Amino acid sequence: MFHLALASEWRAGWRDGRYTPARFAADGFVHCCDDEATTLQVAAAYFSRAPEDVLVAEVDEAALDVEVRREAPAPPDGRAQAHHQPGRTFPHVYGSLPAAAVTRIGRLKKEPDGTWRWPTEWAYGKPPP
């Protein structure tokens, strides 16, 4: 599964070997997607005006030590987006992500036409420098 974050929020979210996103207190879980295509749709919906790099973290669900529920979309802004389809669920992680569960991190590339491209280079482990 995959989690998207602004680079500064990704770096700031690490404490004691665990990552907690900035919106965790408001949402109660870590937003994730099950596949690349959905992750890119979410990037288009919520990160189109990102002022900095957008990172995608690959998360090994089997390495998590907290509950994961597949639930209906829970848009941070309350508005439905193109990736919200009837019956589609998203993995919601009910706790912080342990470093051992983050298998790799990459930067999404934004093309001149505004579309996002999947990373071609990946770092492994915790946040990039």
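Residues numbered from 1 in each chain as written. Predicted model: local features only at pLDDT ≥ 70, side-chain atom pairs only at ≥ 80, totals over all residues. Heavy atoms only, no water.

Can you help me understand the nonpolar core in this one?
Here is a general trend for soluble globular proteins: nonpolar side chains tend to be buried in one another's company. By size, the foremost hydrophobic cluster in this structure holds 17 residues, and its most contacted members are Trp10, Leu64, Val93 and Leu97. Of all the secondary structure elements, the ones that give two or more residues to this core are helix H1 (7–12), strand E5 (54–59) and strand E9 (102–107). Top contributing element to this core by residue count: E5, with three residues. Membership of the second largest hydrophobic core comes to 14 residues, among which are Ala43, Val56, Leu108 and Trp122. (Core = buried A, V, L, I, M, F, W, Y, C linked by side-chain atoms within 4.5 Å. Buried < 20%, exposed > 50% of the residue type's maximum accessible area, 1.4 Å probe, protein only. Helix = DSSP H or I, 4+ residues; strand = E, 2+ residues; numbered from the N terminus.)

Got a minute to help me understand the side chain of histidine 92 in this structure?
As for its placement among the helices and strands, histidine 92 is situated in strand E7 (residues 90–94). Classification of histidine 92 by relative accessible area gives buried; the value is 2%. Those residues in contact with histidine 92 that lie beyond four places of it in its chain are Phe29, Val30, Glu67, Val68, Arg69, Glu71, Ala72 and Ala74. (Contact = heavy atoms within 4.5 Å.)

Would you take a moment to explain the confidence of the model for the chain for this structure?
Low pLDDT marks stretches whose predicted atomic positions should not be read closely. Mean pLDDT over the chain stands at 88; residues scoring 70 or higher make up 87%. Averaged pLDDT values for the elements of the chain fall to 91 in strand E10 (residues 109–110) and rise to 97 in strand E1 (residues 2–6). (pLDDT = per-residue confidence, 0-100.)

Is there a simple way to think about unusual backbone geometry in this case?
We note that aspartate 16 has phi near 50°; this positive angle belongs to a residue other than glycine. Among the structural elements, aspartate 16 can be located in the loop between strand E2 (14–15) and strand E3 (18–19).

What exactly am I supposed to notice about the pattern of salt bridges here?
One pass over the structure, following the stated rule, counts nine salt bridges. Between arginine 104 and glutamate 58 there is a salt bridge whose closest N-O contact spans 3.0 Å. Within this pair, whereas arginine 104 is found in strand E9, its partner glutamate 58 is found in strand E5, the two being separated by 46 residues in sequence. Taken together, the shared-partner salt bridges in this structure form one network comprising Asp34, Glu61 and Arg70. (Salt bridge = Lys/Arg side-chain N within 4 Å of Asp/Glu carboxyl O.)

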